[in-house]
Amino acid sequence: MTDILTLREPVATFTEETPPASIVRGYWQSVFYRLRHDPITLGFGAIVALIVLAAVAAPLIAPFDPYAQSIIARLKPFGWRDHLLGTDELGRDMLSRLIYGGRVSLLMGVVPVVIAAMIGGILGVVGGFVGGRVNTAIMRTMDVFYAFPSVLLAVAIAGAMGGGIGNGMLTLTLVFVPPMCRVAETATTQIRALDFIEAARASGAGTLTIIRYHVLGNVLGPVLIYASSLVSVSILLASGLSFLGLGVRPPIPDWGLMLSTLRQSIYVVPLVCALPGVAIFITSICFNLVSDGLRAAMDVRM
Amino acid sequence: MDYRSSDGSTIDRHDQYDHGGPAPLLVARNLRKHFPVKGARGKAVRAVDGVSFTVAKGETLGIVGESGCGKSTLARLLLHLLVPDAGELIFGGEAVGAAGGIAVKTLRRQAQMVFQDSAASLNPRLPVRDSVAFGPFVQGSTKDEARAIARDILSRVGLDPDLFGPRYPHELSGGQKQRVNIARALAVKPRLLILDEPVSALDKSVEAQVLNLLRVLKRQLGLTLVFISHDLNVVRYVSRRVAVMYLGRIVEFGPVKAIFERPQHPYTQALLASRPSMDPARRIEMPPITGDPPNPIDPPAGCRFHPRCPFVEAICETADPALRVVEDGKAHFAACHLRDRALGRGRLADA
């Protein structure tokens, strides 16, 4: 017989099936390695970094006071008397207002997403891991929010609560919790079915320990990727709310608000009026492309 | 109902499967697990339907059966990863989960499991040494102690802890991953290791290495093994005793030699006949049995094997056969009417 029985005597040494890999790399190390070798993501990441830096250092780099009005300097074109990017309908320097406007836009873009990722992430992980009725209760509640298009939902909530930066962020957070929750729940459900969770239970670990050591690390990737893609959506939604008068109040510089007020002057200085739109476009597309790069770097089949 | 065992003593019917060997480490009595079918009130998949056996200290018990016969469910019941609907589990002489017995947590310190899918049973985001150290850490060791245990156990399964410890599962081959899984299970120093198809996903050469590793570890660490597989050759190689399962029941149980050389149940005979043979003269053209196993939601009345049995008789369709001794003086049992000497059919239908 040439089956396994002929191997009855123990093999003395265990030979290795594959030669050892030369570089031992952890998951996050390999993600950074792939990111470092992705020029597109790196390039757009640099632009994002520049925008963030400009917003943070706005008082240092803005050439003029963004609130300083001038009756004679209204709606001037590019380069008029040191106003590199012209002036708006109240004679305020466009470059300074764009730089300061980035602060509000980034705040509105990042903060709601981060808070929603935390709330939605926790709800999703708990629902996905516990399963059963808890999961049904959480996910059906989220489905109620899902029934409305996100823009409509944002407008409705903002309209009911009134404008302002705080209310705007609250609105956007509420809009983003359901999708974040769904992403976390899906990832958790997939992980929960794998044998290593059962193995962890067999080692005597409790639910919280398993979530902490075995679930969170696996859910973080998808949540992070999705959150990064939501930042650009959030910036756009925030601009939209401001444009409709439901977000930031004048005279605070905000790209959406600037677009709204300048649109009446589009035939006077079209290029200047388009600037806030260009800023929104560049920022959101940069965040989108960085998010795509992140997805490519993190979403590897192991 | 009492009967004489090999050493001449009369033993209780409940302990009929423990035959004069060393003290049992694990006793399963009438374990049952039914999974309710959604949308069909009262219907259930009878995955494990009244299974009893003992595992003696230091032995290897093999459990064989085709897909869907309840092997994996049984494995999970033995660790209380699934809670049995009925029946009793006795570990080291104490009932598990019952008042006055040992807690499930204690059971899980002393019994561990290795799963079939070596990749899915390791956390892809943890270096394998952390996966191995997780068990001891959960059981109360400090992080440093747990790491030291992980190093020791990794080298025992033939993986250099410095070379392989920091690696992630995707950087290991299937055989290496399964070794890590064995290390992970052994890290909490269990007495009983349940192996659910541990080598089915490995190719033949790696399979032999892992099986030999298990033999060595069993001897070194004084382990008791429950080895579940659909591969008859593998089970024959590792086991001392074998249980053959069919549709949630044990249909034949006995020493490995008796089962493989003198199979008594028609199902076991068919299983053995279905093995591929390297000898052209022994090749069979026709499958020994045909058809799929019946639906476990609605198992056939009487003997569960009767719709596929080549020797079926009238009694098989009505009466459910019990496990009975089929060889004089040997702990060899089969659940088949055709083997029931009370009916005067002790030697019918020999293969």
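Look up: the structure comes first, before these words.
Everything quoted here is computed from the prediction, not taken from an experiment.

(A) Representation of the overall build of chain A within the structure. The secondary structure content of chain A amounts to 11 helices and zero strands. Starting at the N terminus, the α and β elements of chain A follow one another as α-α-α-α-α-α-α-α-α-α-α. Counting all 302 residues of chain A, 40% fall into the buried class. In chain A, once contacts between residues fewer than 6 apart in sequence are set aside, the share between residues at least 24 apart is 70%.

(B) Region of the structure containing unusual backbone geometry. Residue and element names in this part refer to chain B. For His 80, which is not glycine, the phi dihedral falls at a positive 60 degrees. If you trace the backbone, His 80 turns up in the loop between helix H1 (71-78) and strand E6 (86-91). One non-glycine residue, Lys 189, lies in the positive phi region at around 55 degrees. Considering the arrangement of structural elements, one finds Lys 189 in the loop between helix H6 (174-186) and strand E9 (192-196).

(C) Region of interest: helix H7 (residues 204-221) of chain B. Residues and elements named next belong to chain B. If you check H7, its first and last C-alpha atoms are 25 Å apart, about what 18 residues at 1.5 Å a residue would give, namely 26 Å. On its buried side, H7 packs onto helix H4 (143-156), H6, strand E10 (224-229) and helix H8 (232-238). Two residues or fewer after H7 comes Gly 222, characterised by a positive phi angle close to 60 degrees.

(D) Examining the packing of helix H7 (residues 165-192) of chain A against helix H9 (residues 207-243) of chain A more closely. All names here are of chain A. Put simply, H7 and H9 touch, their axes get as near as 9 Å, and they point 155 degrees apart. As the angle between them shows, H7 and H9 are arranged roughly antiparallel. Relative to H9, the crossing made by H7 is right-handed. Residues Gly 168, Leu 172, Phe 176, Met 180, Val 183, Ala 184, Ala 187, Thr 188 and Ile 191 of H7 pack against Val 215, Asn 218, Val 219, Pro 222, Val 223, Tyr 226, Ala 227, Leu 230, Ser 234, Leu 237, Ala 238 and Leu 241 of H9. The residue inventory of the contact of H7 with H9, partitioned by class, reads 17 nonpolar, four polar and no charged.

(E) Layout of the nonpolar core. Membership of the largest hydrophobic core comes to 168 residues, with the highest contact counts inside it found for Met 180 of chain A together with Leu 78, Ile 194, Val 226 and Val 244 of chain B. Ranked by residue count, the leading element in this core is H9 of chain A, at 16 residues.

Parameters and conventions
- Residues numbered from 1 in each chain as written.
- Chains lettered and ligands numbered in written order.
- Predicted model: local features only at pLDDT ≥ 70, side-chain atom pairs only at ≥ 80, totals over all residues.
- Helix = DSSP H or I, 4+ residues; strand = E, 2+ residues; numbered from the N terminus.
- Buried ≥ 20, exposed ≤ 12 C-beta atoms within 10 Å, placed from the backbone.
- Contact = placed C-beta atoms within 7 Å.
- Expected span 1.5 Å × (residues − 1).
- Axes fitted to C-alpha atoms, helices over the stretch in contact; angles between N-to-C directions.
- Parallel < 35°, antiparallel > 145°, perpendicular 65-115°, else oblique.
- Left-handed = near helix turned anticlockwise from the far one by under 90°.
- Nonpolar A, V, L, I, M, F, W, Y, C, P; charged D, E, K, R; others polar.
- Core = buried A, V, L, I, M, F, W, Y, C linked by C-beta atoms within 7 Å.

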